[in-house]
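# Report on the structure
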Amino acid sequence: MKKSTASKRAESFPKGKPAVAPSVALDEIDKRILQTLQTDALIANQVLADQIGLSPPACLKRVRRLRGAGVIKRTISLLSAEALGYPLLTVVRLKLDGPTEAMMHTFETRMMASSRVMQCMLIAGDTDYILLVRSRDVAHYQEFARRMLKVAPGVRAYTSEIVLALTKSTTELPVDS
């Protein structure tokens with residue numbers, strides 16, 4: 001059975017689990033494979049093997065091992081928000097009214113169900129959550145805020161900050177070499 005999109009997103013934010021090292025030891029070849037795949041996941045195995053200096057079967061075996069160990073979580077296509085008509089990025093800082101586990105679960109479920117919420121981060125500090133929300137324009141964001149935030153159960157207050165320029169945005173993680 002396929003997992004729902006909300007379930008997949010929830011996996012990105014494990015609750016109560018400290019960050020741990022991968023369960024597989026990474027050697028220099030693994031690290032070079034990971035660096036290359038982060039920039040082009042569709043690279044042909046033959047080309048990857050040539051770049052890394054391995055035989056194609058050995059390279060494929062390593063990639064499969066990295067996938068099996070969960071070091072490579074999934075392969076995706078990164079789409080252009082602007083090309084799809086969602087150029088406005090808004091950072092929302094949100095405070096819940098006396099957050100309880102049930103309230104937080106309800107809020108997180110609501111945010112995971114919205115395709116316009118790119119990220120929902122539970123954080124420590126004065127703010128409970130930070131959201132990254134994509135919209136067509138300011139009016140489209142205001143509609144989202146009225147529908148999803150103002151009437152959301154348990155939301156005490158929120159602030160919205162419109163991103164004027166995204167000077168760095170990457171999905172690539174550092175792979176120590």
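Residues numbered from 1 in each chain as written. Predicted model: local features only at pLDDT ≥ 70, side-chain atom pairs only at ≥ 80, totals over all residues. Heavy atoms only, no water.

### Describing the sheet that holds strand β4 (residues 155-162)
- As summarised here, the arrangement of the 4 strands in space is β2-β3-β1-β4, forming an open sheet in which the pairing is antiparallel. A single partner strand is all that each edge strand has here, and the edge strands are β2 (117-122) and β4. Going across the sheet, the axis of each strand differs from the next one's by a mean of 20°, ignoring polarity.
- One ladder, built from 7 bridges, connects strand β1 (residues 88-96) with β4; its direction is antiparallel. Across the sheet, residue Leu-96 finds its bridge partner in β4, namely Val-155.
- In this fold helix α6 (residues 138-150) packs onto β1, β2, β3 (129-135) and β4, with an angle of close to 165° to the strand it touches most, β4. (Pairing = 2+ DSSP bridges. Helix = DSSP H or I, 4+ residues; strand = E, 2+ residues; numbered from the N terminus. Axes fitted to C-alpha atoms, helices over the stretch in contact; angles between N-to-C directions. Contact = heavy atoms within 4.5 Å.)

### Describing the pattern of salt bridges
- Summed over all chains, the structure comprises 9 salt bridges.
- Residues Glu-161 and Arg-93 are paired through a salt bridge, measuring 3.3 Å at the closest nitrogen-oxygen approach. Placement of Glu-161 in strand β4 and of Arg-93 in strand β1 is noted, with a sequence separation of 68 residues between them.
- What makes Arg-93 partly exposed here is its relative accessible area of 33%. (Salt bridge = Lys/Arg side-chain N within 4 Å of Asp/Glu carboxyl O. Buried < 20%, exposed > 50% of the residue type's maximum accessible area, 1.4 Å probe, protein only.)

### Digging into the environment of Gln-35
- Note that Gln-35 resides in helix α2 (residues 28-39).
- On the basis of relative accessible area, Gln-35 is assigned to the partly exposed category, the value being 32%.
- Separated by 137 residues in the primary sequence, Gln-35 and Glu-172 place their C-alpha atoms 8.1 Å from one another.

### What to know about a nonpolar patch on the surface
- A surface patch of nonpolar side chains, amounting to about 320 Å² of accessible area, comprises Val-138, Ile-162 and Leu-164.
- With respect to the helices and strands, the residue Val-138 is situated in helix α6.
- Here Val-138 falls in the partly exposed class, since its relative accessible area comes to 44%. (Patch = residues over 30% accessible without salt bridge, like charges linked within 9 Å, V, L, I, M, F, W, Y side chains within 5 Å. Areas by Shrake-Rupley, 256 points an atom, 1.4 Å probe, with all protein chains shown as cover.)

### So, the pairing of β3
- With respect to burial, β3 is a largely interior element, 7 of its 7 residues being buried.
- Because side chains alternate across β3, one face comprises the buried residues Tyr-129, Leu-131, Val-133 and Ser-135, and the other comprises Ile-130, Leu-132 and Arg-134, equally buried.
- By the bridge criterion, 7 bridges tie β1 to β3 in an arrangement that is antiparallel. Along β3, the bridge assignment pairs Thr-90 with Val-133.
- Pairing of β2 with β3 involves 5 bridges; the strand directions are antiparallel. Across the sheet, Leu-122 pairs through a bridge with Tyr-129, a residue of β3.
- Linking β2 back to β3 in an antiparallel pair, the connection comprises 6 residues, with Gly-125 at a positive phi of about 125°.

### Focus: the packing of helix α3 (residues 45-52) against helix α4 (residues 56-68)
- Look at α3 against α4: their axes get within 9 Å of each other, and the N-to-C directions meet at 100°. Classed by the angle they form, the pair α3 and α4 counts as roughly perpendicular. For the pair α3 and α4, the contacting residues are Asn-45, Gln-46, Leu-48 and Ala-49 in the first and Pro-56, Cys-59, Leu-60 and Val-63 in the second.
- Class assignment of the residues belonging to the contact of α3 with α4 gives a composition of 6 nonpolar, 2 polar and no charged. (Parallel < 35°, antiparallel > 145°, perpendicular 65-115°, else oblique. Nonpolar A, V, L, I, M, F, W, Y, C, P; charged D, E, K, R; others polar.)

### Some points on the packing of aromatic side chains
- For the structure on display, the rule yields 2 aromatic pairs.
- Measuring from centroid to centroid gives 4.7 Å for Phe-107 and Tyr-129, while their planes differ by 45°, and the two rings are tilted. Of the two residues, Phe-107 sits in helix α5 (residues 101-112) while Tyr-129 sits in strand β3, which places them 22 residues apart along the sequence. (Phe/Tyr/Trp six-rings, centres within 6.5 Å; stacked < 30°, edge-to-face > 60°.)

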